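Residue-level listing of the chains:
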Amino acid sequence: QVQLVESGGGLVQAGGSLRLPCAASGDTFSTYTMGWFRQAPGKEREFVAAINWSGGRTYYADSVKDRFTISRDNANNTVYLQLNSLKPEDTAVYYCAARGGRLAISTSLSSYGNWGQGTQVTVSS
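Residues numbered from 1 in each chain as written. Predicted model: local features only at pLDDT ≥ 70, side-chain atom pairs only at ≥ 80, totals over all residues. Heavy atoms only, no water.

(A) Main features of unusual backbone geometry. One non-glycine residue with positive phi stands out, namely Asn 77, at about 55 degrees. Within the element layout of this structure, Asn 77 appears in the loop between strand 7 (68-73) and strand 8 (78-83). Overall, the relative accessible area of 27% leaves Asn 77 in the partly exposed class. Here Ser 85, not a glycine, exhibits a phi torsion of approximately 50 degrees, which is positive. (Helix = DSSP H or I, 4+ residues; strand = E, 2+ residues; numbered from the N terminus. Buried < 20%, exposed > 50% of the residue type's maximum accessible area, 1.4 Å probe, protein only.)

(B) Focus on the nonpolar core. Counting 35 residues, the largest nonpolar core has Trp 36, Leu 81 and Tyr 94 as the members making the most contacts within it. Mapped by element, the contributors of at least two residues to this core are strand 3 (18-25), strand 4 (33-39), strand 5 (46-51), strand 7, strand 8, strand 9 (92-99) and strand 11 (119-124). Once you skip the residues sitting within four places of it in the chain, Leu 81 turns out to touch Leu 18, Arg 19, Leu 20, Trp 36, Val 48, Ala 49, Phe 68, Thr 69, Ile 70 and Tyr 94. (Core = buried A, V, L, I, M, F, W, Y, C linked by side-chain atoms within 4.5 Å. Contact = heavy atoms within 4.5 Å.)

(C) Here's a closer look at the sheet that holds strand 8. Spatially, 4 strands are ordered 1-3-8-7 in an open sheet, and the strand pairing comes out antiparallel. Every interior strand has two partners, whereas the edge strands, strand 1 (3-6) and strand 7, have only one. The average angle at which neighbouring strand axes cross in this sheet is 20 degrees, direction not considered. Two elements, strand 1 and strand 3, share 4 bridges in a ladder whose sense is antiparallel. For Gln 3, the partnering residue across the bridge sits in strand 3 and is Ser 25. (Pairing = 2+ DSSP bridges. Axes fitted to C-alpha atoms, helices over the stretch in contact; angles between N-to-C directions.)

(D) Examining the pattern of salt bridges more closely. Under the defined criterion, the tally for this structure stands at 4 salt bridges. Between Arg 38 and Asp 90 there is a salt bridge whose closest N-O contact spans 2.9 Å. Pair noted here: Arg 38 is in strand 4 and Asp 90 is in the loop between strand 8 and strand 9, with a separation of 52 residues, a long-range link. Of the residues examined, Arg 38 reaches a relative accessible area of 6% and is grouped as buried. In this structure, the salt-bridge partner of Arg 67 is Asp 90, at a minimum N-O distance of 2.7 Å. Taken together, the positions of Arg 67 in the loop between strand 6 (58-60) and strand 7 and Asp 90 in the loop between strand 8 and strand 9 put the pair 23 residues apart, joining distant regions of the chain. (Salt bridge = Lys/Arg side-chain N within 4 Å of Asp/Glu carboxyl O.)

Given below as structure tokens:
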């Protein structure tokens, strides 16, 4: 099992940027496909982006494509989500999640067995 800790959230104006790191520990990080999800108040948790275990493949939700970038540093057991051109509708708690066993990218919450505690991103208009 891998333990995940997100950071980097905060308050930013529309059009601004943030970088969210998610640090992993406890298992072989390089065998985990990683995902980012978000949950806005009163809404269900939704898929944002994912990167496969090797870093060779990424996938994004249409709502964030061309604005957000997911990347990983397997040497330092960290996955990142770069958020650019932020909009008020991006306001949410952002969670990273891990899917072990060198499996393919998935957009389904139930495919990820390990979750962090989340970090709040608030975008003001």
